[in-house]
Amino acid sequence: MSDSNPNSPADPTPAHSREQPEPHEEQNFPSLLLLFLCSLLIFGSALYLQRYSGGFDPLVYNEEVQGRGGPAGGATAAVDPVAAGKKLYALNCVTCHQATGAGLPGTYPPLAGSDWVNGNEDAIVRILIHGLSGPVTVNGVTYNSAAMPAFGPLGSNWKDEKIAYVLTYIRQEWGNQSPEVTKETVARIRAATADRAKAWAAAELAEFHPAK
Amino acid sequence: MSSADSSFVASLKPGTPETAEPALLSEIDASTRAPVFFFLCSALFWLLLGTVFALIASIKLHNPAFLGQAEWLTFGNIRTAHLNSVVYGWATNAAFAVAFWIMARLSRTKLRHVGVLGIAAAFWNLGVAIGIGGILRGDSTSIEWLEFPAYATPLLFVAYALVGVWAIVAFRFRAPGHVYVSQWYILAALFWFPWLYSIAQIMLVFAPARGAVQPLVNWWFAHNVLGLWFTPIGLASIYYFLPKVLGKPIHSYYLSALGFWSLALFYNWAGVHHLIGGPEPAWVITAGIVASLLMVIPVVTTGINHHLTMIGSFGRLKDSPTLRFMVFGGMSYTLVSLIGSAMAVRSFNELSHFTHFTVAHAHHGLYAFFTMVMFGAIYYMMPRLTGREWPSATLISVHFWACALGITLYVVGLSLGGLIQGWEMIATTTDPKTQEVTLQVPLFLDIVKHTIPYLVSRSLAGILMTIGHLSFAVSFVWMLLQPRAVAGVQPTRLSPVSAVLPASRA
C-alpha cells in the first residue's frame, strides 16, 4: 500500500477519532431459569449416554445392546452353539470330513450317522482334545490312512466352549440328533486327561465306545 | 471506560483522557497494519478464486458436460479445490487478520517484529497455492478437509506456528487489566488449530492410523476446524464488534464465561456424529451425539448474551454495515448450531446423512455465520488500516443483500432438496397381503434426477453470492485508490443516521 500522505501512519485516522471505547462486559447474573434448563439438559444427556453406550464396551457396536453379558443380553449370551460350531467346522474340519459330513470313503470316516459322533460324548471330546491315530472302525468300516489332529493343548489349543460348539454342531447336523455337548463336560474331561501327551488310539477309547 | 455517552466533539479535544484511546489504538493498528493487510488481500484473492471453483462445481452437478473436456477440472478436483481455497485461503487468512487486529488492540500492545508475520503470511499463501495446484493436478489425499498433498502441508504448519506464537507473544506482553472474552476465544483457537491440524496430518497422512480409527480422526479434525477454529474467531469478532459499534457493554460476563467454557468442553467430541451408522463402538458414537446435544448450551448462552446486548439498538442495523453483517452472522450461528445438534440425533441423522442437507448445513455455518462476520469485521477494520473511507454505500448494500439472499436461497433450497433426497432413499412400503417391504423409489437414478431443481437453485444462489463478492472486491480496490480521508469525515453508512441517535460514530 503506497502511502503518499504527510502524516505518520500511526496518526489517528478519522475512523479512530470517532471510534467508541474498547468493549467490556457488565456483571449481570444470568437468569436462574437458563441455568436450570442447562442443568436439565446435562442430566438428560447423561441418561442418554448411560442408556445407549453399550456398557462402554469397545466390542459393542449396537447402541441397543447394554454390553456383553449385560441385563439386556450381550454378545456372549446370544451365541447359538450350532451356528458357532458351523463356522468352526467350515474353517477346520470340512477339508477331510466334507461339508456333507460324509467324509471320504476309504480315507476319512463320516460324521453323519456315525456311531462315534452319536455315541458317548466322553470319546469324541477326548478325540477333539488330543487327536486320534491308528485304525478306527466307524459304522463297521475300518479307516487306517489318516490321523485326526488335536485341538487341545497339543494342537490348536482351543478353549472349552469352541470344542463344545463344534461337537454340538456335528451331533445335530446332517440328520444327527444327539444332545448338546456343554463346555462344562469339555472342562471335566480336559482336567481328567491333563497328563496325556499324545493322540489316542481307538482301542484306548473302547470303554466309552464298545465295539459293535 | 465511561465515555459511551460523551459526544463526538469531546472525544476530539486534545489532552483529555478521551484522546488517549484513539491515539493508542491508532498506534497499535499501525503496528499490525502490514501483516493484517497482507492477510486481508490474500483472503480476498482466495475468496474470488474459491467462488469461481464453487460455481464450476455447482454447475457440473446439474450439467455434467460443462467443461467436461478439461481433465483438471473434473468434479472431484474442482469441488475439492473450492473447499480448500475457501477454508484455508479465504476463511483462515481472514481469521488471521481479524484475530491479530483484535488481539493486539485488546492486549493494548504494539506488535513487534511484524516481519516474522510477513514471512508467515507468505508461507501460508504459498502452501495454499501449492496445495490447490496439487489438487488440480490430481494429487489430492482424498481425506476430507485434508486434501492438500503431503508436499504442501509442512509449509502450512510452519506458517501457522509463526502466527500462533506471535499472537501469544502479543497476549503475553499485554497491558495489565481485565482479559476480555474475545481474547479468550482467540487465544484458545490459536492453540486448538495447530493441535488439530498436526495430529490429523500425522495420524492420517504421514503415519496413518489403522481401520476404524481413521474416520474417527478425520471427523474429529474436520468438525473441529469449524468448531474450534472458525467458531471461536467468529465469536471473538462478534463479541468485539457488537459493543464496539453500539458503544455499550456486553450484557453479561457470566454468560460469556459459560458460553466459552461449555464450547471448550463439549465441541471436541461432536464431530463423531458424522459416523452414526458407521463401524465404531456404540459408546463412541453416543458420546459424540451427547456432546452435539450439549452444544445447545454454549450456543443458546452466547446467543442470549448477544441478543441482550443488541436489544434496543436494532435500529442501527439500518446504517452500520459492520453491525448488519455481524448480526446476520450471529443469528445464523444460533440457527445453524441448533440445526446441527438436531442432525446429530440418530433418528434425524438417518434422514439427513449422505444427502445435500449436510452440504447446505456446512455452508450455513461457514458462510452465513463465519464469512458474514468476517465481512463485517473487514468493513470496520479497513478505514482504520488505510485511513480511507469506503467509497460507496451502494456497493456495500449490494454486497450485503446479494450475499444474504444468496446464502438464504442456498440453505433453504438445498436443505429442502436434501430432505426429499433422504426421504426417498429410505422410504419403504409394505404390501398388505404379502408383507413384502419395497423401496418407494426403487431406482437410485430417479432420486438423483429429483434433486436437479434444487441443484439449479444452488447455482442461482452461487451467482448471487458471486455478485456480492465482486462488489466487495470493487469496493476494496476502489478504497485503496482513493486519497486519505480528512479529519472529521463521516463514515460510509447504508442510510442516514437520525440526529437523535447518540451514535454518530461508526
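Residues numbered from 1 in each chain as written. Chains lettered and ligands numbered in written order. Predicted model: local features only at pLDDT ≥ 70, side-chain atom pairs only at ≥ 80, totals over all residues. Heavy atoms only, no water.

1. Structural notes on the domain arrangement of chain B
Residue and element names in this part refer to chain B. Assigned domains of chain B: these are domain 1 (24-177) and domain 2 (180-500). For domain 1 versus domain 2, the separation of C-alpha centres amounts to 17 Å. Roughly 4,800 Å² of surface becomes buried between domain 1 and domain 2 when both sides are summed, with 80% attributable to carbon and sulfur atoms. Counting the surface domain 1 buries against domain 2, the share from its top three residues, W145, L146 and Y160, is 13%. One can count zero salt bridges joining domain 1 with domain 2. The interface formed by domain 1 and domain 2 contains ten residue pairs in polar contact (both at pLDDT 80 or more). Mapped onto the side of domain 1 that touches domain 2, the elements with two or more residues apiece are helix 2 (17-62), helix 3 (75-107) and helix 5 (153-172). Here the element with the most residues in the side of domain 1 that touches domain 2 is helix 3; it accounts for 18 residues. Within the side of domain 1 that touches domain 2, the residues separate by chemical class into 37 nonpolar, eight polar and five charged. (Domains from an automatic or database assignment. Buried area = accessible area lost by both parts, 1.4 Å probe. Salt bridge = Lys/Arg side-chain N within 4 Å of Asp/Glu carboxyl O. Polar contact = N/O pair within 3.5 Å; in protein donor to acceptor, adjacent residues only side chain to side chain. Helix = DSSP H or I, 4+ residues; strand = E, 2+ residues; numbered from the N terminus. Nonpolar A, V, L, I, M, F, W, Y, C, P; charged D, E, K, R; others polar.)

2. Concerning the interface of chain A and chain B
Taken together, the contact between chain A and chain B spans 43 residues of the former and 74 residues of the latter. Taken over both partners, the interface formed by chain A and chain B buries close to 4,900 Å², and the fraction arising from carbon and sulfur atoms is 62%. Where chain A meets chain B, there are seven salt bridges. A salt bridge links E19 of chain A to R384 of chain B; the nearest nitrogen and oxygen atoms lie 2.8 Å apart. Counting every contact that joins chain A to chain B gives 21 residue pairs in polar contact (both at pLDDT 80 or more). Within the residue set of the side of chain A that touches chain B, elements represented by two or more residues are helix 1 (14-17) and helix 2 (32-51) of chain A. No other element matches helix 2 of chain A, which puts eight residues into the side of chain A that touches chain B. Of the residues belonging to the side of chain A that touches chain B, the class tally is 22 nonpolar, twelve polar and nine charged. (Contact = heavy atoms within 4.5 Å.)

3. Brief notes about the packing of helix 3 of chain B against helix 5 of chain B
All names here are of chain B. As a packed pair, helix 3 and helix 5 sit with axes 9 Å apart at the nearest point and diverge in direction by 15°. On the basis of the axis angle, helix 3 is roughly parallel to helix 5. Judged by the twist between their axes, the crossing of helix 3 over helix 5 is left-handed. Across the interface between the two elements, F96, F100, M103 and S107 of helix 3 pack against Y160, V163, W166, A167, A170 and F171 of helix 5. Residues that form the contact of helix 3 with helix 5 fall into these classes: nine nonpolar, one polar and no charged. (Axes fitted to C-alpha atoms, helices over the stretch in contact; angles between N-to-C directions. Parallel < 35°, antiparallel > 145°, perpendicular 65-115°, else oblique. Left-handed = near helix turned anticlockwise from the far one by under 90°.)

4. With respect to the side chain of S237 of chain B
All names here are of chain B. Along the chain, the position of S237 falls in helix 7 (residues 213-246). Judged by relative accessible area, which is 1%, S237 ranks as buried. A distance of 2.8 Å separates a polar atom in the side chain of S237 from the backbone oxygen of I233. Sequence-distant contacts of S237, that is, excluding residues within four places in its chain, are made with V98, I102, L242, M326, V373 and M374. (Buried < 20%, exposed > 50% of the residue type's maximum accessible area, 1.4 Å probe, protein only.)

5. Things to note about the packing of aromatic side chains
One pass over the full model with this rule turns up 49 aromatic pairs over all chains. Judged by centre distance (4.9 Å) and plane angle (45°), the rings of Y48 of chain A and Y52 of chain A are tilted. Residue Y52 of chain A is classed as partly exposed on the basis of its relative accessible area of 22%. Within the aromatic cluster, the residues linked to one another by ring pairs are F39, Y88, F96, W124, F148, Y160, F193, Y197, F221, W229, F230 and F370 of chain B. A cation over a ring is seen here: R172 of chain B above F173 of chain B, with NZ or CZ 5.1 Å from the ring centre. (Phe/Tyr/Trp six-rings, centres within 6.5 Å; stacked < 30°, edge-to-face > 60°. Lys NZ or Arg CZ within 6 Å of the ring centre and 35° of its normal.)

6. Quick look at the packing of helix 6 (residues 160-172) of chain A against helix 7 (residues 183-192) of chain A
All names here are of chain A. For the pair helix 6 and helix 7, the least separation of the axes is 8 Å and the interaxial angle reads 120°. Put simply, helix 6 runs oblique to helix 7. In terms of crossing hand, the pair formed by helix 6 and helix 7 is right-handed. Contact residues: helix 6 offers D160, E161, I163 and A164, while helix 7 offers K183, V186, A187 and R190.

7. Concerning the environment of P149 of chain B
All names here are of chain B. Inspection of the secondary structure puts P149 in the loop between helix 4 (115-137) and helix 5. Taking C-alpha positions, P149 is 9.3 Å from G138, a pair spaced eleven residues apart along the chain. Contacts of P149, omitting those with residues within four sequence positions, involve G131, G134, I135, D139 and T141.

8. Structural notes on helix 3 (residues 81-92) of chain A
Residue and element names in this part refer to chain A. Taking 1.5 Å per residue, twelve residues should reach 16 Å; helix 3 reaches 16 Å between its end C-alpha atoms and fits that length. Taken together, the buried positions of helix 3 are A84, G85, L88 and Y89. Here the buried residues of helix 3 occupy an arc of 140° about the axis, which is enough to place them on one side. Seen from the open side of helix 3, the exposed residues pointing more than 90 degrees away from its buried face are K87 and L91. (Expected span 1.5 Å × (residues − 1). Arc of directions from axis to C-beta.)

9. Topic: helix 6 (residues 181-206) of chain B
Across its 26 residues, helix 6 of chain B extends 36 Å between first and last C-alpha, which sits within 8% of the 38 Å expected from 1.5 Å per residue. When you tally the buried positions in helix 6 of chain B, you get 19 out of 26 residues, the bulk of the element.

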